[in-house]
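As a plain string of letters, each chain reads:
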Amino acid sequence: WLLRDFWKNQPEGKRARIKTVQDTYKWLVFDPLQLSPNTKFSTAMAMIFGAEGDAGDAAIQSTGEDMAKLAVLALRRGKLPDGTVYISRKNWNKWAVPNLLPNRKLSKDLVDWQSKSATWANWNHGGRKEAIMKQSGEYGWNYFGATYYNS
């Protein structure tokens, strides 16, 4: 949502007609990585994850082939298979390597979203959110994924 809110108000985002999280990721990630139309944000999980608007991380669906393209980007530390730098080495090391949580805490020390999000419009029925998407544990987070072992 942060990316959507930022880019839809920028000149480039206006030219790209960004309105949704899907539009934002298609423009920033899916198209540059040449992912198929099968990689998208689905509304199928809206009733479980809430009615706040655009679905986020847990609503993404993809294919094995598209996830392999993302894995290649990670293994090449931000470079596309053709050698194009998609994420500079400096930014890769800043965004995708270290734990970026406040004071390098683990996610288990920071996450308590169940009570905060439990409204009539976004009710966590029977703990189903925890069963579907693990929110915290013995790991940190950065812009690319989880971090382990004091990274």
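Above this text is the structure in question.
Quick caveat: nothing in here was measured; it's all calculated off a predicted structure.

Take the pattern of salt bridges next. All told, the structure shown has 2 salt bridges when counted by the stated rule. Of the charged contacts, one joins Lys 26 and Asp 31 as a salt bridge, the two residues approaching to 3.0 Å between their closest N and O atoms. Classification of Asp 31 as partly exposed rests on a relative accessible area of 40%.

A word on a positive patch on the surface. Residues Arg 76, Arg 77, Lys 79 and Arg 89 make up a contiguous surface patch of positive charge. Tracing the sequence through the fold places Arg 89 in helix H6 (residues 89–95).

Turning to helix H3 (residues 21–30), its buried residues are Val 21, Thr 24 and Phe 30. In an axial view of H3, the angular spread of the buried residues amounts to 150°, which keeps them on one side of the axis. Of the surrounding secondary structure, the elements contacted by the buried residues of H3 are helix H1 (2–7), strand S1 (40–41) and strand S2 (60–61). For H3, the N-terminal capping position is held by Thr 20, with its side-chain oxygen 3.3 Å away from the main-chain nitrogen of Gln 22.

Turning to helix H5 (residues 64–75), a few remarks are in order. The end-to-end C-alpha distance of H5, which contains 12 residues, comes to 16 Å, matching closely the 16 Å that a straight helix rising 1.5 Å per residue would cover. Among the residues trailing H5, Arg 77 stands out with phi positive, at a value near 50°.

Right, let's talk about unusual backbone geometry for a bit. The backbone of Gln 34 sits at a positive phi, close to 55°, despite the residue not being glycine. Here Gln 34 shows up in the loop between H3 and S1. Exposure remark for Gln 34: the relative accessible area of 62% places this residue in the exposed category. Phi is positive for Asn 103, close to 55°, though the residue is something other than glycine.

Cut-offs and rules
Positions within a chain are numbered from 1, following the residues in the order the chain's sequence is written. Only residues with pLDDT of at least 70 are given local features in this predicted model, and only at 80 or more are side-chain atom pairs given and counted; all residues enter the totals for whole chains, interfaces and linings. Excluded from the side-chain calculations are hydrogens and water; all other atoms, namely the structure's heavy atoms, are used. The term salt bridge refers to a pairing of a side-chain nitrogen on Lys or Arg with a carboxyl oxygen on Asp or Glu at a separation within 4 Å. Whether a residue is buried, partly exposed or exposed follows from its accessible area with a 1.4 Å probe, protein chains only, as a fraction of its type maximum: under 20%, in between, or over 50%, in that order. Two distance rules govern patches: like charges are joined within 9 Å, and nonpolar side chains (Val, Leu, Ile, Met, Phe, Trp, Tyr) within 5 Å, applied only to residues with over 30% relative accessible area and no salt bridge. Accessible areas in this description were obtained via Shrake-Rupley with a 1.4 Å probe; residue shielding takes into account the shown protein chains only. Only four residue types enter the tally: Lys and Arg on the positive side, Asp and Glu on the negative side; His and the chain ends are excluded. Note on charges: their place is set at NZ of Lys, CZ of Arg, CG of Asp or CD of Glu. Working definition: helices are DSSP H or I runs of at least four residues, strands are E runs of at least two. Numbering for both runs from the N terminus. As used here, the arc is the angular range of directions from the helix axis to the C-beta atoms. By definition in these notes, contact holds between two residues if any of their heavy atoms fall within 4.5 Å. Any N or O atom pair separated by 3.5 Å or less is treated as a polar contact, with the protein-specific requirement of one donor-capable and one acceptor-capable atom, and with residues adjacent in sequence counted only for side-chain atom pairs. A helix is expected to reach a length of 1.5 Å times the quantity of its residues less one.

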